[in-house]
Amino acid sequence: SPVGWPGLLDKLGLYGSVENVAANCELVRCSGDAVEFLLDDSKGGLFNDSHPEKIRLALQNYFERPLSVSIERGEVRGTTPAMHRERLARERRAEAVEEIEHDPQLRRLIERFDGQLDHNSIVPLDIQGKGGT
């Protein structure tokens with residue numbers, strides 16, 4: 001399921017380029033002990049041959065059973081964890097903008113100084129420093 005794989009990835013403890021590759025993979029199929037991923041082709045430059053093994057070990061460790069992992073490159077049709085994170089960040093930013101725009105004190109301040117609200121400067125506190133924007 002779309003939330004299943006993004007949520008699971010956060011628990012695997014991967015980091016660096018292997019986490020980046022995993023985040024840009026769509027989970028295509030899970031049958032028995034075989035897990036198949038599709039890597040977003042536009043992010044293929046991040047990929048190297050050690051990544052499937054590292055992802056396999058992390059998944060195997062998490063599920064405590066032997067697994068095989070394959071990663072093909074291609075056009076993703078579903079949602080990758082990276083897309084999921086981006087959508088959540090966009091939603092949080094939209095909520096933050098709405099909150100600020102409806103803050104009467106801030107409205108008065110802006111009007112008083114003839115100012116304008118720079119929407120690009122609004123970053124929800126929970127995504128600062130997490131590679132948000």
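Structural notes, computed from the coordinates.

Calculation criteria
Residues numbered from 1 in each chain as written. Predicted model: local features only at pLDDT ≥ 70, side-chain atom pairs only at ≥ 80, totals over all residues. Heavy atoms only, no water. Salt bridge = Lys/Arg side-chain N within 4 Å of Asp/Glu carboxyl O. Helix = DSSP H or I, 4+ residues; strand = E, 2+ residues; numbered from the N terminus. Buried < 20%, exposed > 50% of the residue type's maximum accessible area, 1.4 Å probe, protein only. Contact = heavy atoms within 4.5 Å. Pairing = 2+ DSSP bridges. Axes fitted to C-alpha atoms, helices over the stretch in contact; angles between N-to-C directions. Polar contact = N/O pair within 3.5 Å; in protein donor to acceptor, adjacent residues only side chain to side chain. Phe/Tyr/Trp six-rings, centres within 6.5 Å; stacked < 30°, edge-to-face > 60°.

## Comments concerning the pattern of salt bridges
- Under the counting rule described, the total for this entry stands at seven salt bridges.
- The salt bridge partner of Glu19 is Arg85, with a shortest N-O separation of 2.7 Å. With a gap of 66 residues between them, Glu19 in helix H2 (residues 16-23) and Arg85 in helix H4 (residues 81-101) connect regions that are remote in the sequence.
- For Arg85, a relative accessible area of 31% translates into the label partly exposed.
- Between Arg73 and Asp41 there is a salt bridge, and its shortest N-O distance comes to 3.1 Å. Pair noted here: Arg73 is in strand S3 (residues 68-74) and Asp41 is in the loop between strand S2 (34-40) and helix H3 (51-63), with a separation of 32 residues, a long-range link.

## Some words on the environment of Ser70
- Note on placement: Ser70 falls in strand S3.
- Taking the C-alpha atoms as reference points, Ser70 and Ala22, 48 residues apart in sequence, are found 12 Å from one another.
- Setting aside anything within four residues of it in sequence, one finds Ser70 in contact with Val35, Glu36 and Phe37.

## Side note on unusual backbone geometry
- Phi at Glu64 is positive, roughly 55°, even though this residue is not glycine.
- Turning to its location among the elements, Glu64 is positioned in the loop between H3 and S3.
- The exposed category is assigned to Glu64, whose relative accessible area is 71%.

## Quick word on the sheet that holds S3
- The three strands lie next to each other as S1-S2-S3, forming an open sheet whose pairing is mixed. Looking at the sheet topology across the chains shown, the edges are occupied by strand S1 (25-31) and S3. In this sheet, adjacent strand axes meet at a mean angle of 20° when their direction is disregarded.
- By the bridge criterion, seven bridges tie S2 to S3 in an arrangement that is parallel.

## Here's the deal with the side chain of Thr80
- Inspection of the secondary structure assignment puts Thr80 in the loop between S3 and H4.
- In terms of polar contacts, Thr80 uses its side chain to reach the backbone carbonyl oxygen of Ala23, at 3.5 Å.
- Setting aside chain neighbours within four positions, we find Thr80 in contact with Ala23, Asn24, Cys25 and Glu26.

## Considering the packing of aromatic side chains
- Throughout the structure, instances matching the rule amount to two aromatic pairs.
- Both rings, one in Trp5 and one in Phe37, keep their centres 4.8 Å apart while their planes meet at 45°; by these two values the pair is tilted. On the criterion of sequence distance, the pair formed by Trp5 in helix H1 (residues 4-11) and Phe37 in strand S2 is long-range, its members being 32 residues apart.
- Aromatic side chains Tyr62 and Phe63 sit 5.0 Å apart centroid to centroid with 90° between the ring planes, which places their arrangement in the edge-to-face category.
- With relative accessibility at 41%, the residue Phe63 sits in the partly exposed group.

## Observations concerning the environment of Ser68
- Summarising the element assignment, Ser68 is placed in strand S3.
- With a relative accessible area of 38%, Ser68 lands in the partly exposed category.
- Distance in space between the C-alpha atoms of Ser68 and Asp33 is 6.2 Å, their sequence separation being 35 residues.
- Setting aside residues up to four positions removed in sequence, Ser68 forms contacts with Asp33, Ala34, Val35 and Arg56.

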